[in-house]
There are 4 protein chains.
Amino acid sequence: KRARDYGIEIGVLRTGKLNAITDVAGVKVGQVTFHQADGVHTGVTAILPHDKNIFQNKIPASIHIGNGFGKLAGYSQVEELGNIETPIVLTNTLSVPTASAAIIDYTFQSPENKDVRSVNPIVGETNDGGLNDIRRRFITKEHVLEALKKAQTGPVEEGNVGAGAGTVCFGFKGGIGTSSRILPKSKGGYTVGVLVQSNFGGVLQVNGVPVGIELKKHKFSKIDEAYKDDGSCMIVVLTDAPLSAKNLKRLAARAMLGLGRTGGMAANGSGDYVIAASTAEDLRIAHNSESMYETFKVLRNNDLDLLFEAVIEATEEAIINSLFAAETLTGFENTKVEALPIDKTIEILKKYNRIK
Amino acid sequence: KRARDYGIEIGVLRTGKLNAITDVAGVKVGQVTFHQADGVHTGVTAILPHDKNIFQNKIPASIHIGNGFGKLAGYSQVEELGNIETPIVLTNTLSVPTASAAIIDYTFQSPENKDVRSVNPIVGETNDGGLNDIRRRFITKEHVLEALKKAQTGPVEEGNVGAGAGTVCFGFKGGIGTSSRILPKSKGGYTVGVLVQSNFGGVLQVNGVPVGIELKKHKFSKIDEAYKDDGSCMIVVLTDAPLSAKNLKRLAARAMLGLGRTGGMAANGSGDYVIAASTAEDLRIAHNSESMYETFKVLRNNDLDLLFEAVIEATEEAIINSLFAAETLTGFENTKVEALPIDKTIEILKKYNRIK
Amino acid sequence: KRARDYGIEIGVLRTGKLNAITDVAGVKVGQVTFHQADGVHTGVTAILPHDKNIFQNKIPASIHIGNGFGKLAGYSQVEELGNIETPIVLTNTLSVPTASAAIIDYTFQSPENKDVRSVNPIVGETNDGGLNDIRRRFITKEHVLEALKKAQTGPVEEGNVGAGAGTVCFGFKGGIGTSSRILPKSKGGYTVGVLVQSNFGGVLQVNGVPVGIELKKHKFSKIDEAYKDDGSCMIVVLTDAPLSAKNLKRLAARAMLGLGRTGGMAANGSGDYVIAASTAEDLRIAHNSESMYETFKVLRNNDLDLLFEAVIEATEEAIINSLFAAETLTGFENTKVEALPIDKTIEILKKYNRIK
Amino acid sequence: KRARDYGIEIGVLRTGKLNAITDVAGVKVGQVTFHQADGVHTGVTAILPHDKNIFQNKIPASIHIGNGFGKLAGYSQVEELGNIETPIVLTNTLSVPTASAAIIDYTFQSPENKDVRSVNPIVGETNDGGLNDIRRRFITKEHVLEALKKAQTGPVEEGNVGAGAGTVCFGFKGGIGTSSRILPKSKGGYTVGVLVQSNFGGVLQVNGVPVGIELKKHKFSKIDEAYKDDGSCMIVVLTDAPLSAKNLKRLAARAMLGLGRTGGMAANGSGDYVIAASTAEDLRIAHNSESMYETFKVLRNNDLDLLFEAVIEATEEAIINSLFAAETLTGFENTKVEALPIDKTIEILKKYNRIK
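For the structure given in this document, a descriptive report is provided here. No experiment lies behind these values; they were computed from the predicted model shown.

1. Quick word on the interface of chain D and chain B
Reports of interface size often rely on the accessible area that becomes lost once the parts have come together. Tallying the contact residues gives 31 residues for chain D and 31 residues for chain B. Among the residues chain D hides against chain B, the three largest losses belong to Met292, Tyr293 and Arg300 of chain D. Together they make up 30% of the total. Summed over the shared surface of chain D and chain B, the result is four salt bridges. Of the charged contacts, one joins Arg300 of chain D and Glu294 of chain B as a salt bridge, the two residues approaching to 3.8 Å between their closest N and O atoms.

2. A few points about the pattern of salt bridges
Within this structure, the stated rule accounts for 64 salt bridges over all chains. Across the pair Glu313 of chain D and Arg181 of chain D runs a salt bridge, and its minimum N-O distance is 2.9 Å. Here Glu313 of chain D is found in helix H6 (residues 305-325), whereas its partner Arg181 of chain D is found in strand E9 (residues 176-182), with 132 residues between them in sequence. Each member of the pair, Glu313 of chain D as well as Arg181 of chain D, is classed as buried. Within this structure, Arg4, Arg181, Glu313 and Glu317 of chain A form a network of salt bridges that share partners.

3. As for the relation of the copies chain B and chain A
Applying a rotation about an axis and a shift along it to one chain copy brings it onto the other copy. Between chain B and chain A, which share one sequence, the superposing operator has a rotation angle of 180° and an axial displacement of 0.0 Å; the RMSD is 0.0 Å. Here the copies are linked by what is in effect a two-fold axis. Of the C-alpha atoms belonging to chain B, the one lying closest to the rotation axis is found on Gly208 of chain B, 1.8 Å away. Take the interface residues of chain B: 100% of them recur as interface residues in chain A, which is what a same-surface contact looks like.

4. A short note on the relation of the copies chain D and chain B
In screw terms, the move from chain D to chain B is a rotation of 180° and a rise of 0.0 Å along the axis, fitting with an RMSD of 0.0 Å. Most of the interface of chain D is mirrored in chain B: 100% of its interface residues are interface residues there too.

5. Focus on the pairing of strand E12 (residues 271-278) of chain A
All names here are of chain A. Along E12, eight of the eight residues are buried, which leaves the element largely enclosed by surrounding structure. What you see with E12 is no split at all: Gly271, Tyr273, Ile275 and Ala277 on one side and Asp272, Val274, Ala276 and Ser278 on the other are buried throughout. Note: strand E11 (residues 233-239) against E12, seven bridges, orientation parallel. Residue pairing across strands places Met234 opposite Tyr273, the latter belonging to E12. Tracing the backbone out of E11, into helix H5 (residues 245-261) and back to the parallel element E12 gives a crossover that is right-handed.

6. Considering unusual backbone geometry
Residues and elements named next belong to chain C. Unlike most non-glycine residues, Lys216 shows phi in positive territory, near 55°. Residue position: Lys216 is located in the loop between helix H4 (211-214) and strand E11 (233-239). Taking relative accessible area as the criterion, Lys216 reaches 68% and is therefore assigned exposed. Backbone geometry at Glu333 places phi at a positive 55°, although glycine is not the residue there. Topologically, Glu333 is positioned in the loop between strand E15 (329-330) and strand E16 (336-337). Looking at Glu333, the relative accessible area reads 64%, which means it is exposed.

7. Considering the sheet that holds strand E5 (residues 88-92) of chain B
All names here are of chain B. Pairing is mixed in the open sheet, where four strands are placed in the order E1-E2-E5-E6. Bordering the open sheet on either side are strand E1 (28-35) and strand E6 (122-126), each of which pairs with just one other strand. Across the sheet, the mean angle from the axis of one strand to that of its neighbour is 15°, orientation sign disregarded. Where E5 lies against E6, five bridges are found, and the strand directions are parallel. Note on E6: the bridge partner recorded for Val89 is Val123. Taken strand by strand, helix H2 (residues 96-109) contacts strand E2 (41-48), E5 and E6, and its axis lies near 155° from that of E6.

8. Observations concerning the interface of chain B and chain A
Listed as interface residues are 46 residues of chain B and, on the opposing side, 46 residues of chain A. For the pair chain B and chain A, the summed buried area comes to about 3,700 Å², and 52% of that belongs to carbon and sulfur atoms. For the pair chain B and chain A, the interface holds two salt bridges. There are 22 residue pairs in polar contact (both at pLDDT 80 or more) connecting chain B and chain A. For the side of chain B that touches chain A, the elements supplying multiple residues, two or more each, are strand E3 (57-68), helix H5 (245-261) and helix H6 (305-325) of chain B.

9. Quick notes on the pairing of strand E10 (residues 191-198) of chain B
All names here are of chain B. Most of E10 sits out of view: eight of its eight residues are buried. The alternating pattern of E10 places Thr191, Gly193, Leu195 and Gln197 on one face and Val192, Val194, Val196 and Ser198 on the opposite face, and all of these are buried. Here E10 pairs with strand E11 (residues 233-239) via seven bridges, running antiparallel. For Ser198, the partnering residue across the bridge sits in E11 and is Cys233.

10. Here we look at the packing of helix H2 (residues 96-109) of chain A against helix H2 (residues 96-109) of chain D
Geometry of a packed helix pair, given as the angle between the helix axes and the separation of the axes. One way to put it is that H2 of chain A packs onto H2 of chain D with a least axis distance of 8 Å and a crossing angle of 165°. The orientation of H2 of chain A with respect to H2 of chain D, classified from their angle, is roughly antiparallel. Here the hand of the crossing between H2 of chain A and H2 of chain D comes out left-handed. For the pair H2 of chain A and H2 of chain D, the contacting residues are Pro97, Ser100, Ala101 and Ile104 of chain A in the first and Pro97, Ser100, Ala101 and Ile104 of chain D in the second. For the contact of H2 of chain A with H2 of chain D, the class distribution of residues is six nonpolar, two polar and no charged.

11. Some thoughts on the environment of Glu281 of chain D
For Glu281 of chain D, the position within the fold is in the loop between strand E12 (271-278) and strand E13 (285-286). Taking the C-alpha atoms as reference, Glu281 of chain D lies 15 Å from Val192 of chain D; in sequence the two are 89 residues apart.

12. Structural notes on the packing of aromatic side chains
Enumeration over the complete set of coordinates arrives at 14 aromatic pairs over all chains. An angle of 55° between the planes, with centres 5.5 Å apart, marks the rings of Tyr6 of chain B and Phe324 of chain B as tilted. Taken together, the residues Tyr6 of chain B in the segment before E1 and Phe324 of chain B in helix H6 connect sequence positions 318 residues apart. Of the residues examined, Phe324 of chain B reaches a relative accessible area of 6% and is grouped as buried. The lysine or arginine in question, Lys297 of chain A, covers the ring of Tyr293 of chain C, its NZ or CZ lying 4.8 Å from the ring centre. Seen from the ring of Phe55 of chain C, Lys58 of chain C lies directly overhead, with NZ or CZ sitting 3.7 Å from the centre.

13. Brief notes about helix H2 (residues 96-109) of chain C
Turn by turn, an α-helix covers 3.6 residues, leaving residues three or four places apart pointing in a common direction. The terminal C-alpha atoms of H2 of chain C lie 20 Å apart, and with 14 residues this matches the ideal 20 Å at 1.5 Å per residue to within 8%. Among the 14 residues that make up H2 of chain C, eleven are buried, leaving the element largely enclosed by the rest of the structure. Considered for burial, the residues of H2 of chain C that qualify are Val96, Pro97, Ala99, Ser100, Ala101, Ala102, Ile103, Ile104, Asp105, Thr107 and Phe108 of chain C. Buried residues belonging to H2 of chain C abut H2 of chain B together with strand E5 (88-92), strand E6 (122-126) and helix H3 (141-150) of chain C.

14. A short note on the sheet that holds strand E1 (residues 28-35) of chain C
Residues and elements named next belong to chain C. The strand order across the open sheet formed by four strands is E1-E2-E5-E6, and the pairing between neighbours is mixed. With one partner strand each, in any of the chains shown, E1 and E6 form the two edges of the open sheet. Ignoring which end each strand starts from, the neighbouring axes of this sheet average 15° apart. Bridge count for E1 against strand E2 (residues 41-48) is eight bridges, and the pairing is antiparallel.

15. Digging into the packing of H2 of chain D against helix H3 (residues 141-150) of chain D
All names here are of chain D. The N-to-C vectors of H2 and H3 enclose an angle of 55°; their axes lie 8 Å apart at closest approach. Of the possible angle classes, the one that applies to H2 and H3 is oblique. Note that H2 runs across H3; the crossing there is right-handed. Contact residues: H2 offers Thr98, Ala99, Ala101, Ala102, Asp105, Tyr106 and Gln109, while H3 offers Lys141, Val144, Leu145 and Leu148. Per-class residue counts for the contact of H2 with H3 are seven nonpolar, two polar and two charged.

16. With respect to the side chain of Thr86 of chain A
Residue and element names in this part refer to chain A. The residue Thr86 is located in the loop between strand E4 (83-84) and strand E5 (88-92) in this model. With relative accessibility at 1%, the residue Thr86 sits in the buried group. Within the local environment of Thr86, its side chain forms a polar contact with the backbone nitrogen of Ile122, the two atoms lying 3.3 Å apart.

About the criteria used
- Residues numbered from 1 in each chain as written.
- Chains lettered and ligands numbered in written order.
- Predicted model: local features only at pLDDT ≥ 70, side-chain atom pairs only at ≥ 80, totals over all residues.
- Heavy atoms only, no water.
- Contact = heavy atoms within 4.5 Å.
- Buried area = accessible area lost by both parts, 1.4 Å probe.
- Salt bridge = Lys/Arg side-chain N within 4 Å of Asp/Glu carboxyl O.
- Helix = DSSP H or I, 4+ residues; strand = E, 2+ residues; numbered from the N terminus.
- Buried < 20%, exposed > 50% of the residue type's maximum accessible area, 1.4 Å probe, protein only.
- Least-squares fit on C-alpha atoms with pLDDT ≥ 70 in both.
- Pairing = 2+ DSSP bridges.
- Right-handed = clockwise from strand over helix to strand, strands pointing away.
- Axes fitted to C-alpha atoms, helices over the stretch in contact; angles between N-to-C directions.
- Polar contact = N/O pair within 3.5 Å; in protein donor to acceptor, adjacent residues only side chain to side chain.
- Parallel < 35°, antiparallel > 145°, perpendicular 65-115°, else oblique.
- Left-handed = near helix turned anticlockwise from the far one by under 90°.
- Nonpolar A, V, L, I, M, F, W, Y, C, P; charged D, E, K, R; others polar.
- Phe/Tyr/Trp six-rings, centres within 6.5 Å; stacked < 30°, edge-to-face > 60°.
- Lys NZ or Arg CZ within 6 Å of the ring centre and 35° of its normal.
- Expected span 1.5 Å × (residues − 1).

Structure (structure tokens):
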């Protein structure tokens, strides 16, 4: 059961049908997951924004850096040109090179791309080294290509899967989470979908309720001891709203407010990145074009606020969903990380009268 | 009574003695306030980081832009050089030029500064044009100089005072608010103080409790209508922790997470700026020096997380304090903005079991 | 005579008819200049990008910061929203507040703007305190309004005029300079116009010829002495090419390469800012609109290189023009700054075979 | 023979003994080069800033993005934390993942690093796909490790070597180039070293002389045709001057002015990155430390100008050196790129009286 199934209603906007990033039409997610007895607990999550050749049909995009202690690949070209030209792949920190190489392979596989000699892979990561034997660098190019191949529309698996297989969030088992929001028809009826790889710390709040404090388990609960290094949070935001790269940057920045509402605090050691892109068909950017010009019909600055709210709410809920779906895991070197105790959490939410 | 006096305890760190920006040793705040029958409801809030000649004894500083729809003066020089050389003044949007000119006067008044021919005034603003006859530009240089002169240590007046005289926050009367946090001795015992000028919108949460939804008054409560343009939030963060300008930038960025926790969403029309500076005596930067070098003993990257948490908590509480202190005001053209109904808010907090 | 009249041909692209920023259709420049016996040598240069109400018809724009030691007003809002809504005014460092206030007045004068309560004035500056009694802050709002009123199409006066009345460049008298470039018809036939307020240092090169070294007068000619603090360079780039704010940012960045080619080095003390905007009629941004959308036909990323080259060449030539037009001035406290010795410079250029 | 051996003296500061990045004490460069009959013309250039374990002894650093159309790895962490923790490796565009993986291997090889689970590899690239069969991705991890192993102090090979094996610059064969500058004793006597991988376009100037125009070979010589996509320029700046990460950012930005002086224009397709780092021993940042604090003695803002000038001059000369050392190459698919015709270039320089 997901958070909302327990009666936890985050925010004021309604969710999409699946309450997932795949509510954005055409978006596909593919995941490969490894849980092995020898300490491998990692994986790959691949996100395809549309069905066409992405290199030939780039999409407007931007990346916001909440805290840059991370190894995300692809940042500067996205920021310079305002678009992405590959799928988005998430994995663990030390597998970024492998995933990048695999995305180049993936791009070269298409006959249409036979003359392509430059590709900007977008790879996000968090460090699952607490539960996964990360130095072994288990992930291969084939794993990444498999995740890309398996990508499909429909519900998205959450928790200890894909790039979230071995992550830790607020001291509990983290993982993949997703959520979405729909704008009212009068405001365009657009969908905003968010997918997170949660691996960060702070003082957990669930819909405003101080669960971390109640459970006496949070980043600062033993303040005089050295607190543990935190991981990071990767946040992917997709929308069918027609937005310029410039305004996608502003959209991406709002995701950090959603992370803040869960009690996240963007610790020094955290690599918090938000990748935002528009899937609007009319905004596709042809790799080659006979025209010097391109024409964009985009939302005005004045009409962004509901999208901003949607990103904040969906990010908050995606993080909470990742915690609700994750399961207790005993990983590398017998490190055990408990799942968020759902029963106790629901009790706490009831105590605070926050369950419908 | 302030929020904490009602039993509202935000966060996990303890506050300073005054729970105010003036808990940071040496910091002074001065305010002038105008409430006139002819529609003038505005003012000036001046913050002095230390007692010496600030131009001759600059302090490390940085400015984070949460959303740049605003007219803050001084940004680029602070970012290039990593310091501020004047007091920080807050006022209304259209009075930024006047306040900037006044800060130049203020700097020139000192005989020590008699050869100074370049000054970088730091002036923040929000737009109080909903309650104040802002086009009249009532504020004069004398008002600003008076605020600077009146600046003192000790408790800080909150609510409809100074630069917060005419501001609106979450649809209720906003204003000036302040709060502070103290780090444990083992972590340096540093103080972080925050002062806000609250004038923005969203869906109000008080310590995680959905007050805006319960009161049926928030930015998206009538979603099919055009929602009103929001104002902005100015956030000033001072600390005696020894931080480089680079890490003050990171500290400043965290304040936005505190704003997010109150339900703020950094709307398109919002000018959300965070000015962070260190008052640590050893980090003063002499305007003139015989040495080519300067020596800084600063906190390592690894030791910032408690400061980050402190900024988030103090920002959240400063905003809530601004709402608790503000009073219903009928302003320009008889526009009336109600104060946050404290009784009802307390009731709601009790309903959600969030009052100690 | 301007540089080109002496046979100095900078770059490979052709200039516009006036070789001035006013080659961009509709652009107007107005200047007021003060040279007084009591040490006042300063002024105002105002640039109007088009003839309509600019607040109601904003234009895409971006500001690049080459080195941020300066007091330019308006940066963050331009960067957040991607447009400017006022004329661009240049003046001296300490008159930025006055000029900002004047632009608010100017905007409020229009009946169409009667409900406007927020204006983002764009004011650039350099420090003319070497020749001008800058602490006196001679410039008034009326002076600025006069410059705006006097603005006209046609040739632009260069040298010791307007905001360049008292500036110093490469140790010689600097000032206002301008230049333009025209793209070939096959590439759109667009015009790029540049206007500079030159007040910076380095090792002067004229079209690649080491004039500063030959004249034994440059920033590092007496290397063991303390070298003098430099001023700054304001660069305004206007074009009728249809460019997004994002690509105007990239265009603006190239102006610094043109400054580099004159021997400029963006010294610590320099405030080097480039304001770039598109005057393309189809890209005007209505302040109010009944539509949620706006449609832009803009140049593709792939078709920017000639515009980049145009900006570099026109910036280089505008700086050289400012030096050729400026005249020896004895200013405040009898400080005398010689003009670039044109005869000797031409001789040097001939020695290096660089005169056609 | 290098440019200076022909009497070409760029700038006003003197060079180091080797006129190379290795004039900075302790800096080592290692290169592997592949020129094969089957179209492989690529390689690796590795730069070690000091002799110790770099991960355990990080150094202050910053990266400036001149134009971000590139795939450089490591940007965001350097900018967030202000340091680098690995050697710097340059290679071709599609081999960035391989080089990143190799740097992780390299870091893991050290027993001291046995607990390290996160590494931020710094890999720069330009696209040598015009002469090299780049899609083949010939470079292996072993090649990169070999370059790291071969790294040594002393003279640096220039031209068609290492990461410059297959690059093209101003339409001529480009490659690796290096240069250095020494500050006068009275200003600290610091050394600034620059190494470039030149692969970009524009209108070549050699020490201000319009060689590209004279040779009728430059980016815009056939303006009505589509001009070719340009490659990029990687610039590495090392210095023993004690600089904060913040001021290394400013230092890095100046390298673009040096590129501008060669006639470079940072084309749309160019990935122009400048990595600047300080090798000053006192500024090493321990990976682990028992203290919460670190103490830095760094140069004041006011004392940076000679370093800025040094970077500009050394960058200009390094690019020219890359062109002088490169040799005509017939590469992949029989594409032939001529070397800069040195005899004609010297003639042109003589015609312009620019040879001592």
